[in-house]
Amino acid sequence: MAGKPRVGVLALQGDVREHLAVLTALGADARPVRRREELAAVQGLVLPGGESSVIDKLARAFGLFDPIRAAIADGMPMYGTCAGLILLADRIDGAIAGQQTFGGLDARVARNVFGSQTASFETDLDVPALGDPPVHAVFIRAPAVVEWGPDAEPLASLPDGRVVAIEQGALLGTAFHPESTGETRFHQRFLARVHARSGADAPAF
Ligand code: GLN
């Protein structure tokens with residue numbers, strides 16, 4: 001890959017700035033994506049935390065829904081946090097009427113599974129794929145993966161067995177928000193995928 005990897009953060013709603021800051025600090029050329037042309041110019045996409053039903057509606061209104069589905073089908077690396085994880089799931093529990101997802105991740109994700117709209121908590125998670133130290137994870141009105149297919153690989157779960165980090169091919173999702181705690185290893189993993197897909201010899205990450 002010549003120069004920095006060009007990655008986007010879907011910038012329709014949610015914690016876009018936090019993701020842009022992490023990606024930029026890791027050396028990527030990170031830009032907000034609100035239009036088809038902006039999507040076409042990036043090599044990977046982050047779907048931020050926020051409100052998945054709102055992001056879904058806006059993606060359709062902005063003509064981005066089908067292009068994002070096509071990019072997923074084409075193997076573009078994507079990383080979704082919280083609402084972003086919901087948007088990557090093929091099946092969701094607790095959807096509002098008419099709510100759709102981009103899909104691609106063969107999993108069922110349950111929205112707002114930890115209680116009311118205000119339920120938030122923090123915990124330290126072992127993520128064997130990332131090694132030490134454990135990930136300090138912040139959950140905000142978070143979803144969890146309750147079922148997944150043979151090609152999806154859980155990366156972390158809570159003591160009760162609910163999966164909160166998962167990947168499948170070029171897709172990575174976490175139910176929590178590394179972008180707001182200084183945890184950069186998931187973003188690095190995403191950037192490594194972008195890099196690998198570009199076919200360059202020397203990894204920059
Ligand atoms: N509860 C939100 C949803 O269903 C997700 C919350 C978040 O992204 N922090 O979309």
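Residues numbered from 1 in each chain as written. Predicted model: local features only at pLDDT ≥ 70, side-chain atom pairs only at ≥ 80, totals over all residues. Heavy atoms only, no water.

A. Highlighting helix α3 (residues 52-61). Burial in α3 covers these residues: S52, S53, I55, D56 and A59. Looking straight down α3, one finds that the buried residues subtend no more than 165° of arc, so they occupy a single side. Within α3, the exposed residues directed more than 90 degrees away from the buried face are K57 and A61. Buried residues along α3 sit against β1 (6-10), α4 (65-73) and α5 (83-88). (Buried < 20%, exposed > 50% of the residue type's maximum accessible area, 1.4 Å probe, protein only. Helix = DSSP H or I, 4+ residues; strand = E, 2+ residues; numbered from the N terminus. Arc of directions from axis to C-beta. Contact = heavy atoms within 4.5 Å.)

B. Region of interest: the pattern of salt bridges. On inspection of all chains with the given rule, the structure shows 14 salt bridges. Across the salt bridge formed by E38 and R35, the nearest N and O atoms sit 3.9 Å from each other. Salt bridges sharing common partners tie together R35, E37 and E38. (Salt bridge = Lys/Arg side-chain N within 4 Å of Asp/Glu carboxyl O.)

C. The arrangement of helix α6 (residues 185-198) in detail. If you check α6, its first and last C-alpha atoms are 20 Å apart, about what 14 residues at 1.5 Å a residue would give, namely 20 Å. For α6, the set of buried residues is R185, F186, H187, F190, L191, V194 and H195. (Expected span 1.5 Å × (residues − 1).)

D. Up close: the site of the ligand. For the ligand, the full set of nearby residues is G49, G50, E51, S52, C82, A83, I86, R111, N112, I140, R141 and H177. The contact in question runs from a nitrogen atom of the ligand to an N or O atom on the backbone of R141, over 2.9 Å. In the model, a nitrogen atom of the ligand is placed 3.0 Å from a nitrogen or oxygen of the H177 side chain. In isolation the ligand offers 300 Å² of accessible surface; the protein chains occlude 98% of this area. Looking at the shell around the ligand residue by residue, the class counts come to four nonpolar, five polar and three charged. (Near = heavy atom within 4 Å. Polar contact = N/O pair within 3.5 Å; in protein donor to acceptor, adjacent residues only side chain to side chain. Areas by Shrake-Rupley, 256 points an atom, 1.4 Å probe, with all protein chains shown as cover. Nonpolar A, V, L, I, M, F, W, Y, C, P; charged D, E, K, R; others polar.)

E. Local environment of the side chain of Q168. The residue Q168 is located in strand β11 (residues 163-168) in this model. Note on Q168: relative accessible area 16%, which makes it buried. Within the structure, the side chain of Q168 is placed 2.8 Å from the backbone nitrogen of D106, a separation counted as a polar contact. Those residues in contact with Q168 that sit more than four places away from it in its chain are G104, L105, D106, D151 and A152.

F. Summary view of the packing of aromatic side chains. Tallied over the full model, the rule gives seven aromatic pairs. Arranged with centres 5.1 Å apart and planes meeting at 70°, the rings of F114 and F121 form a pair that is edge-to-face. Overall, F121 belongs to the partly exposed group, its relative accessible area being 27%. Where F176 meets F186, the ring centres are 5.6 Å apart and the plane angle is 70°; that geometry is what we call edge-to-face. In this pair, F176 is assigned in the loop between β12 (171-174) and α6 and F186 in helix α6, connecting sequence segments ten residues apart. When its relative accessible area of 1% is taken as the criterion, F176 is described as buried. Above the ring of F65, the side-chain terminus of R60 is found at 5.9 Å from the ring centroid. (Phe/Tyr/Trp six-rings, centres within 6.5 Å; stacked < 30°, edge-to-face > 60°. Lys NZ or Arg CZ within 6 Å of the ring centre and 35° of its normal.)

G. Quick peek at the packing of helix α1 (residues 16-25) against α6. Interhelical geometry of α1 versus α6 gives an angle of 65° and a closest axis separation of 10 Å. Of the possible angle classes, the one that applies to α1 and α6 is roughly perpendicular. Considering how the two elements wind past one another, α1 and α6 form a crossing that is right-handed. Together, H19, V22 and L23 of α1 and H187, F190 and L191 of α6 make up the contact between the two elements. Tallied by class, the residues present in the contact of α1 with α6 amount to four nonpolar, two polar and no charged. (Axes fitted to C-alpha atoms, helices over the stretch in contact; angles between N-to-C directions. Parallel < 35°, antiparallel > 145°, perpendicular 65-115°, else oblique. Left-handed = near helix turned anticlockwise from the far one by under 90°.)

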